[in-house]
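Descriptive structure summary
Listed below are the residues making up each chain.
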Amino acid sequence: MTKIEKNCNVLTQSLLQRPVQSRGLRPEMKLLALVVLFKVDPEASESLLSLAAQCNSSPPHVTVWDNSPESCSIAARQWLDRTFASYDYHHCPENRPLARIYNDVIDAWIKQRPGDFSHLLLLDQDSILEPSFLSVVTEAVKDHPDVGLFLPLVKSSGHIVSPAHLFYFKGFYWNHPTLGPIRLRFKTAINSGMIIASHYLLEKFPGYPDTLAFYGTDDWFCEQYAVDEKIACVFESTIQHNVSTFNKEDVEIKLWRHREIVRAARVLNSHGVFRRYGCFLYTSLTCARMALRFRDLRFLSC
């Protein structure tokens, strides 16, 4: 069992020492699951608990990336030891942006070790997977081996929040689920629950841009994938996920999220006259609406 704890500034060479296996025809899904934590112990993460409770599926290798100020406790590491047959733990007190985390993990585990893993699963800390999640997506991968992106249905407060429609800077939730292969143009999905094929990451994926931090990485990925591959597959499994839009939060947290979302939207729509100015107008109106809603002029300064 791999057990690594290190400063996030250096990926140690031990990450690169597992034997490389030929991908071949990919008869089985060999899954790498990345779970990003922030101020939550591993044994309290709904995503890790859900992974531990999967039925009738091959266990994934789990990479726990902990962005918390303090490393997890000894008891938490012991829980990881007992729970996962294969895992590694990384503590990153600087709270590294998601775009850099994803790039580092893709580089260390996928690009430098082709053949070890056929797919990468991305998870936030608070996603609740159905016990059959991995077995269902395994069958979907067998049915559609050439597809590079597999998406579950993600629900929050009764709404289907992923996949969703996204027309550049304006999004709409799905009213009804669409299962099976879909064209991803003008659609998006949240990071948590995405399963990305290694062959796409190795052959076409350019890497997440450094201009994005915590928000916008999912929208950027889906737009890039729609250009490169076009077809994704929505499989019949539902994740319950905590989406901040439906949460009551302190106004300071709402303000931070609002500024990050607006900044990400403007980065994503910075090319093309229509997209750039249309997005600026739309986000400016959003800033005004938020300022009125919270009666706080700071929401205007974006």
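Structure: above.
Our subject in this report is the structure included herewith. (Residues numbered from 1 in each chain as written. Predicted model: local features only at pLDDT ≥ 70, side-chain atom pairs only at ≥ 80, totals over all residues. Heavy atoms only, no water.)

Considerations on unusual backbone geometry
The step from Ser162 to Pro163 runs through a cis peptide bond, and the omega angle for that step is -5 degrees. You can see Pro163 is positioned in strand β7 (residues 159-167). Although it is not a glycine, Asn95 sits at a positive phi angle of roughly 60 degrees. Along the chain, Asn95 falls in the loop between β3 (87-91) and α3 (98-111). Positive phi outside glycine occurs at Tyr168, with the angle close to 65 degrees. Position of Tyr168 relative to the elements: it lies in the loop between β7 and β8 (170-174). Classification of Tyr168 by relative accessible area gives partly exposed; the value is 33%. (Helix = DSSP H or I, 4+ residues; strand = E, 2+ residues; numbered from the N terminus. Buried < 20%, exposed > 50% of the residue type's maximum accessible area, 1.4 Å probe, protein only.)

A look at the environment of Pro114
Mapping Pro114 onto the fold places it in the loop between α3 and β4 (119-123). Relative accessible area serves as the criterion here: at 37%, Pro114 is assigned to the partly exposed category. Taking the C-alpha atoms as reference points, Pro114 and Leu202, separated by 88 residues in sequence, lie 7.9 Å from one another.

Concerning the environment of Ile128
Mapping Ile128 onto the fold places it in strand β5 (residues 127-128). Sequence separation between Ile128 and Leu49 is 79 residues; the distance between their C-alpha atoms is 8.2 Å. Those residues in contact with Ile128 that lie beyond four places of it in its chain are Glu46, Ser50, Thr238, Ile239 and Gln240. (Contact = heavy atoms within 4.5 Å.)

Remarks on the nonpolar core
Of all hydrophobic cores here, the largest spans 76 residues; its most connected members are Leu34, Leu51, Leu149, Phe150, Leu184, Tyr208 and Phe221. The element contributing the most residues to this core is α3, with nine residues. Setting aside anything within four residues of it in sequence, one finds Leu184 in contact with Leu149, Leu151, Cys222, Tyr225, Ala226, Lys230 and Ala232. (Core = buried A, V, L, I, M, F, W, Y, C linked by side-chain atoms within 4.5 Å.)

Taken by themselves, the reported measurements are silent on function.
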